[in-house]
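# Examination of the molecular architecture
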Amino acid sequence: MNSKKKRRVTLQDVAKAAGVSRATASLIVRGSPKISAATREKVLGKMNELGYVYDRVAANLRSKQSTTVGLLITEIANPFFSELLDGITAELEKEGYTIILGTTSDSYDKQERLLATMLENRVAGILWTPVSASTAETTKQLIHSQLPVVQVGREITGSTFDYVGIDNRAGAELVISYLVKEGHRRIAYLGGPSAASPWRERISSYKQALLQAGLDVDPSLIVESVATREGGRMAMAEILTRESRPTAAFCFNDIVAIGAMQELKGRGLTPGVDMAIVGFDNVQEASIFTPRLTTVSSFPRMIGTEAAKLLHQRIDDFARPAERIILEPELHIRESSQVRL
């Protein structure tokens with residue numbers, strides 16, 4: 001029996017076999033765009049042939065700088081987060097970063113465990129959509145760690161981290177102004193977790209826009225729910241029990257809106273005829289559902305791109321002033337809101 005331990009294939013072995021310098025081989029494993037496609041293909045072929053495995057942890061220790069970034073989002077099933085992830089991934093990969101993805105399911109305990117894991121793995125920075133229950137206390141460990149952090153889509157009140165998101169107040173104002181002009185006087189607000197910053201900003205603007213239009217704010221027309229299709233169905237089912245039914249519903253997001261429309265259909269009612277429905281985010285499904293959904297574009301891919309750029313800048317210059325990037329929303333009017341009053 002041969003007890004001799006097999007020697008680990010090194011990057012120097014790969015470079016020698018491919019006829020390039022070790023520095024060139026190193027640039028290739030780190031994803032640098034500076035190397036020609038032909039050289040990259042040749043070196044990667046030799047890596048595969050020799051069975052080379054890049055030891056990223058060792059490389060980080062040598063350079064004293066990690067090339068791994070942590071990404072924490074609340075869920076992946078919502079198309080908003082899928083598009084957000086596309087924007088983040090495309091931008092960070094250009095800069096040679098590897099992403100560790102964690103989904104919190106909007107659970108505070110799960111968020112704490114995932115944040116601790118990312119800190120233990122010495123990530124270079126974190127892109128973070130805080131869970132609804134997050135408070136200023138949540139940020140203390142991150143502040144103490146001196147780790148670059150960018151909040152994405154949601155932010156914790158009073159935090160000093162960078163932030164990228166949509167102007168939720170402006171988006172809600174667009175919706176209510178449009179519905180009021182269409183003649184609606186009883187407008188419901190459906191779905192979403194009230195502890196999340198986007199919910200608070202949208203409901204605040206919803207109320208303000210109603211008052212500016214000379215309309216009363218009826219608390220019975222505000223129904224909170226989880227931000228899912230089922231949450232939308234449940235919220236719509238509840239609103240339909242009201243003695244004086246609303247003629248329109250502004251939903252927390254498109255997924256809630258689609259669930260609300262499914263509930264209407266299940267009761268023999270027609271969205272866009274019996275009740276106007278408006279969503280938020282303009283995910284791909286909004287334009288293909290029947291009826292097509294009137295909604296506000298929140299540009300999740302662009303948010304992801306800008307957040308990734310901001311994190312890269314923060315990693316390069318940790319002392320730079322905190323920055324907030326707020327994108328302007330757009331209202332897309334489709335069949336779901338074409339109620340004739």
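Refer to the preceding data block for the structure.
Residues numbered from 1 in each chain as written. Predicted model: local features only at pLDDT ≥ 70, side-chain atom pairs only at ≥ 80, totals over all residues. Heavy atoms only, no water.

### Let's talk about the sheet that holds strand β2 (residues 98-103)
The parallel open sheet is built from 6 strands, whose spatial order is β2-β1-β3-β4-β5-β11. Unpaired on one side and paired on the other, β2 and β11 (324-327) mark the two borders of the sheet. For this sheet, the mean inter-axis angle between neighbouring strands, taken without regard to orientation, is 15°. Pairing of strand β4 (residues 149-152) with strand β5 (residues 162-166), which is carried by 3 bridges, proceeds in the parallel orientation. (Pairing = 2+ DSSP bridges. Helix = DSSP H or I, 4+ residues; strand = E, 2+ residues; numbered from the N terminus. Axes fitted to C-alpha atoms, helices over the stretch in contact; angles between N-to-C directions.)

### Some details on helix α8 (residues 168-181)
The end-to-end C-alpha separation of α8 is 20 Å, in line with the 20 Å expected for 14 residues at 1.5 Å each. Among the residues of α8, those classed as buried are Asn 168, Gly 171, Ala 172, Val 175, Ile 176, Tyr 178, Leu 179 and Val 180. Capping the start of α8, Asp 167 holds a side-chain oxygen 3.3 Å from the backbone nitrogen of Arg 169, two or three residues further along. (Expected span 1.5 Å × (residues − 1). Buried < 20%, exposed > 50% of the residue type's maximum accessible area, 1.4 Å probe, protein only. Polar contact = N/O pair within 3.5 Å; in protein donor to acceptor, adjacent residues only side chain to side chain.)

### Describing the nonpolar core
Proteins that are soluble and globular tend to have nonpolar side chains buried together. Membership of the largest hydrophobic core comes to 70 residues, with the highest contact counts inside it found for Leu 127, Ile 176, Leu 190, Tyr 206, Met 236 and Ile 277. Apart from the residues lying within four places of it in its own chain, the contact partners of Leu 127 are Val 69, Gly 70, Leu 71, Leu 72, Ile 88, Leu 92, Val 150, Val 152, Ala 307, Ala 308 and Leu 311. Judged by nonpolar contacts, the second largest core, of 12 residues, contains Ala 15, Val 20, Ile 28 and Met 47. (Core = buried A, V, L, I, M, F, W, Y, C linked by side-chain atoms within 4.5 Å. Contact = heavy atoms within 4.5 Å.)

### Thoughts on the packing of aromatic side chains
Taken as a whole and assessed by the stated rule, the structure comprises 6 aromatic pairs. For the ring pair Trp 128 and Phe 161, a centre distance of 6.4 Å and an interplane angle of 70° mean the geometry is edge-to-face. With Trp 128 in strand β3 (residues 125-128) and Phe 161 in the loop between β4 and β5, this residue pair connects regions lying 33 residues apart in the sequence. Across this residue pair, the class does not change: Trp 128 and Phe 161 are buried. Ring plane angle 40° and centroid distance 6.4 Å describe the contact between Phe 250 and Phe 280, whose orientation is recorded as tilted. Taken as a pair, Phe 250 in strand β8 (residues 248-251) and Phe 280 in the loop between β9 (276-278) and β10 (295-297) lie far apart in primary sequence, 30 residues in all. Of the two residues, Phe 250 and Phe 280, neither departs from the other in class, the shared state being buried. Grouped by ring-pair contacts, the aromatic residues Tyr 189, Trp 199, Tyr 206, Phe 250 and Phe 280 constitute a single cluster. The positively charged end of Arg 202 is found above the aromatic ring belonging to Phe 280, 3.7 Å away from the centroid. (Phe/Tyr/Trp six-rings, centres within 6.5 Å; stacked < 30°, edge-to-face > 60°. Lys NZ or Arg CZ within 6 Å of the ring centre and 35° of its normal.)

### Describing the pairing of β4
The two faces of β4 match: Val 149 and Gln 151 on one face and Val 150 and Val 152 on the other face are all buried. Pairing geometry for β3 and β4, over 3 bridges, is parallel. Paired with Trp 128 across the bridge in β4 is Gln 151. Regarding the hand of the β-α-β motif, the stretch spanning β3, helix α7 (residues 140-145) and β4 is right-handed. (Right-handed = clockwise from strand over helix to strand, strands pointing away.)

### A look at helix α2 (residues 22-29)
What α2 keeps buried is the set Ala 25, Ser 26, Ile 28 and Val 29. Buried residues of α2, seen end-on, are gathered within an arc of 160° and therefore sit on one face of the element. (Arc of directions from axis to C-beta.)

### Description of the pattern of salt bridges
Enumeration according to the criterion identifies 12 salt bridges in this entry. Arg 242 is the partner of Glu 238 in a salt bridge, and the nearest nitrogen-oxygen pair spans 3.2 Å. Linking Glu 335 and Arg 292 is a salt bridge whose minimum nitrogen-to-oxygen distance equals 3.0 Å. Residue Glu 335 is located in the segment after β12 (330-332), and its partner Arg 292 is located in the loop between β9 and β10; the two are separated by 43 residues in the primary sequence. On the basis of relative accessibility, which here comes to 36%, the residue Arg 292 falls in the partly exposed class. Connected through salt bridges with shared partners, the residues Arg 233, Glu 263 and Arg 267 form a single ionic network. (Salt bridge = Lys/Arg side-chain N within 4 Å of Asp/Glu carboxyl O.)

### Structural notes on the packing of helix α1 (residues 11-18) against helix α3 (residues 37-50)
Between α1 and α3, the least distance of the axes is 9 Å, while the angle of their chain directions is 120°. When the axis of α1 is compared with that of α3, the two are oblique. The way α1 lies across α3 gives a crossing that is right-handed. Here Leu 11, Asp 13, Val 14, Ala 17 and Ala 18 of α1 lie close against α3, whose contacting residues are Lys 42, Val 43, Lys 46, Met 47 and Leu 50. (Parallel < 35°, antiparallel > 145°, perpendicular 65-115°, else oblique. Left-handed = near helix turned anticlockwise from the far one by under 90°.)

Everything listed here is a matter of coordinates, which is why it stays silent on function.
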